[in-house]
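Okay, here's what each chain looks like letter by letter:
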Amino acid sequence: MRPGDPSLSAESRAADERALVSERVQGIVDERRARDRVDTGRIHPYFGKLRAQLEKQMDAPPLFDMPSFPKQMLYAYAEKARQFGASGSPGNVPGPRQAPKPGELLGRRARDEPGYNRLRSRVQAGEELQDFAQGVSTMKLVVTLELLQGPDGILREVKLISRSGNHAYDDYVLQAVPPALGKFPAPPPDAMGVHTDGIRSVWSVEGRVVYVRKLSEMKKGSDNVYLAALAAVGLLAGGFEETTGEVSVIDVRNPHFECRSRLLRVY
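As annotated in an unreviewed UniProt entry, the protein carries the name TonB C-terminal domain-containing protein and comes from Corallococcus carmarthensis.

Right, dumping it as structure tokens:
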């Protein structure tokens, strides 16, 4: 503190305050624009290919000491109960309205024709089992990263914004990013989000245990007995991949871990 110090004048303090507020406001605007670019789909296909490359690099992760099948089932049941208490429906989650599932359509039909109730209960049980097997309602690990790249796409830095709570999973994701971007081609210089000083983007990487197996991977013997047992109790369910023609079925005997990346912001 010095008498007559110009930095203590009212004009100087007002200028400092304006600069500080302007910086904060600009930061808020930049964050909003970065989210809106992703939410409205105004991003270059480069980032979609980058997402696919990240997931390809994390194709076969370990289970990371995730809870056992019974604990996952209890967690899924509790999560459905929580959703029901919050929204009145165990399937309602924030986001755009999706097309009604067959079980929901049968539920509407059963209001007028109670005879459909038995079929509805079996269909909805299959839908819940399918959601569980695909990891929709199981425990998940989520880590958030900020990627800083040069205008040529070369990775400069990976910043960990939020942890998942599982250090082994966090380390796995962090170690997977550099080799994924190292094999990736440079983006077009005129792509939205690609600037002369580089590329800045924020991603979440979500990992969870799934209980789905490709039918082509199953072998004769115990696998056939397992499928027959599921069919006998009405629990044989799965999915069909239209692009590859691959059929998958629920297999609780062979859990595996899947990582899915999601672009959150592009600056």
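Colleague: I tried to follow the side chain of Asp170 on my own but got confused; where do I start?
Modeller: Take Asp170: it is sitting in helix α6 (residues 167-182). Residue classification places Asp170 among the buried positions, given a relative accessible area of 0%. Leaving out residues up to four positions away in the same chain, Asp170 has contacts with Val143, Arg163, Ser164 and Gly165.

Colleague: Please explain α6 as it appears in this structure.
Modeller: Every α-helical turn comprises 3.6 residues, leaving residues that sit three or four positions apart pointing alike. With 16 residues, α6 should reach 22 Å at 1.5 Å per residue; the first-to-last C-alpha distance of 24 Å fits that figure. All buried positions along α6 are accounted for by Tyr169, Asp170, Val173, Ala176, Val177, Ala180 and Leu181. Tucked into the core, α6 has its buried residues touching α2 (45-57), β1 (140-149), β2 (155-162), β3 (199-210) and β7 (256-266). If you check the start of α6, you find a side-chain oxygen 3.1 Å away from the backbone N of Ala168, and it comes from Asn166.

Colleague: How do you make sense of the sheet that holds β2 when you look at a structure like this?
Modeller: Paired through their backbone hydrogen bonds, the strands of a sheet run either parallel or antiparallel. Strand order in the open sheet formed by 4 strands is β2-β1-β3-β7, and the pairing between neighbours is antiparallel. Only two strands of the sheet have a single neighbouring strand rather than two, namely β2 and β7. Adjacent strand axes in the sheet meet at a mean angle of 25 degrees, parallel and antiparallel pairs treated alike. Sheet analysis places β3 next to β7, joined by 10 bridges and oriented antiparallel. By the bridge assignment, Trp203 is partnered in β7 with Leu263.

Colleague: Mind showing me how you'd approach the pattern of salt bridges here?
Modeller: Working definition: two side chains of opposite charge can pair if their charged atoms are close together. Overall, the coordinates contain 9 salt bridges when judged by the stated rule. As a salt-bridge pair, Asp36 and Arg32 come within 3.3 Å of each other at their nearest N and O atoms. Highlighted residues: Asp36 and Arg32, both in helix α1 (residues 10-39), separated by 4 residues, approximately one helical turn. Judged by its relative accessible area of 24%, Asp36 is partly exposed. Between Glu146 and Arg200 there is a salt bridge, with the nearest N and O atoms lying 2.6 Å from each other. Within this pair, whereas Glu146 is found in strand β1, its partner Arg200 is found in strand β3, the two being separated by 54 residues in sequence. What makes Glu146 buried here is its relative accessible area of 10%. Owing to a relative accessible area of 34%, Arg200 belongs among the partly exposed residues under this scheme. Here the residues in one salt-bridge network are Arg51, Glu55, Glu258 and Arg260, joined through shared partners.

Colleague: Hey, could you run me through the packing of aromatic side chains in this one?
Modeller: Aromatic ring pairs are reported here in terms of the distance separating the ring centres and the angle at which the planes meet. Scanning all chains against the criterion turns up 7 aromatic pairs. With a centroid separation of 5.4 Å and 85 degrees between ring planes, the pair formed by Phe64 and Tyr169 is classed as edge-to-face. Of the two residues, Phe64 is situated in the loop between α2 and α3 (69-87) and Tyr169 in helix α6; the sequence distance between them amounts to 105 residues. The exposure class assigned to Phe64 is buried, which follows from its relative accessible area of 8%. When its relative accessible area of 0% is taken as the criterion, Tyr169 is described as buried. One cation-aromatic arrangement involves Arg200 over Tyr267; the distance from NZ or CZ to the ring centre is 3.8 Å.

Colleague: What's the story with the layout of surface pockets in this structure? I'm lost.
Modeller: Where empty space is left in the structure can be found by rolling a water-sized probe over the atoms. Size it by volume and the second largest pocket reaches roughly 150 Å³. For the lining of the second largest pocket, the elements supplying multiple residues, two or more each, are α3 and α5 (117-133). Across the lining of the second largest pocket, the residue classes break down as 5 nonpolar, 1 polar and 2 charged.

Colleague: Please explain the pairing of β2 as it appears in this structure.
Modeller: The two faces of the sheet receive side chains in turn, since in a regular strand these alternate between them. Inspection of the sheet shows β1 paired to β2 by 6 bridges, in the antiparallel sense. Its bridge partner being in β2, Gln149 is matched across the sheet by Leu155. Where β1 folds back onto β2 in an antiparallel hairpin, the turn is made up of 5 residues, including Gly153, whose phi is positive at roughly 90 degrees.

Colleague: It is not clear to me how the packing of α2 against α6 should be interpreted in this structure. Could you clarify?
Modeller: When two helices pack together, their arrangement is given by the angle between their axes and by how far apart the axes lie. In the contact formed by α2 and α6, the axes pass within 9 Å of each other and the chain directions differ by 125 degrees. Between α2 and α6, the interaxial angle falls into the category oblique. Like other packed secondary-structure pairs, α2 and α6 cross with a definite hand, here right-handed. Contacts between α2 and α6 involve Leu50, Gln53, Leu54 and Gln57 from the former and Tyr172, Ala176, Val177, Pro179, Ala180 and Leu181 from the latter. In terms of residue class, the contact of α2 with α6 is built from 8 nonpolar, 2 polar and no charged.

Criteria and cut-off values
- Residues numbered from 1 in each chain as written.
- Predicted model: local features only at pLDDT ≥ 70, side-chain atom pairs only at ≥ 80, totals over all residues.
- Heavy atoms only, no water.
- Helix = DSSP H or I, 4+ residues; strand = E, 2+ residues; numbered from the N terminus.
- Buried < 20%, exposed > 50% of the residue type's maximum accessible area, 1.4 Å probe, protein only.
- Contact = heavy atoms within 4.5 Å.
- Expected span 1.5 Å × (residues − 1).
- Polar contact = N/O pair within 3.5 Å; in protein donor to acceptor, adjacent residues only side chain to side chain.
- Pairing = 2+ DSSP bridges.
- Axes fitted to C-alpha atoms, helices over the stretch in contact; angles between N-to-C directions.
- Salt bridge = Lys/Arg side-chain N within 4 Å of Asp/Glu carboxyl O.
- Phe/Tyr/Trp six-rings, centres within 6.5 Å; stacked < 30°, edge-to-face > 60°.
- Lys NZ or Arg CZ within 6 Å of the ring centre and 35° of its normal.
- 1 Å grid on protein atoms, 1.4 Å probe; cavity = no way out; pocket = protein on both sides within 12 Å on 5 of 7 lines; lining within 4 Å.
- Points joined across faces, edges and corners; volume = space filled by probe spheres on them.
- Nonpolar A, V, L, I, M, F, W, Y, C, P; charged D, E, K, R; others polar.
- Parallel < 35°, antiparallel > 145°, perpendicular 65-115°, else oblique.
- Left-handed = near helix turned anticlockwise from the far one by under 90°.

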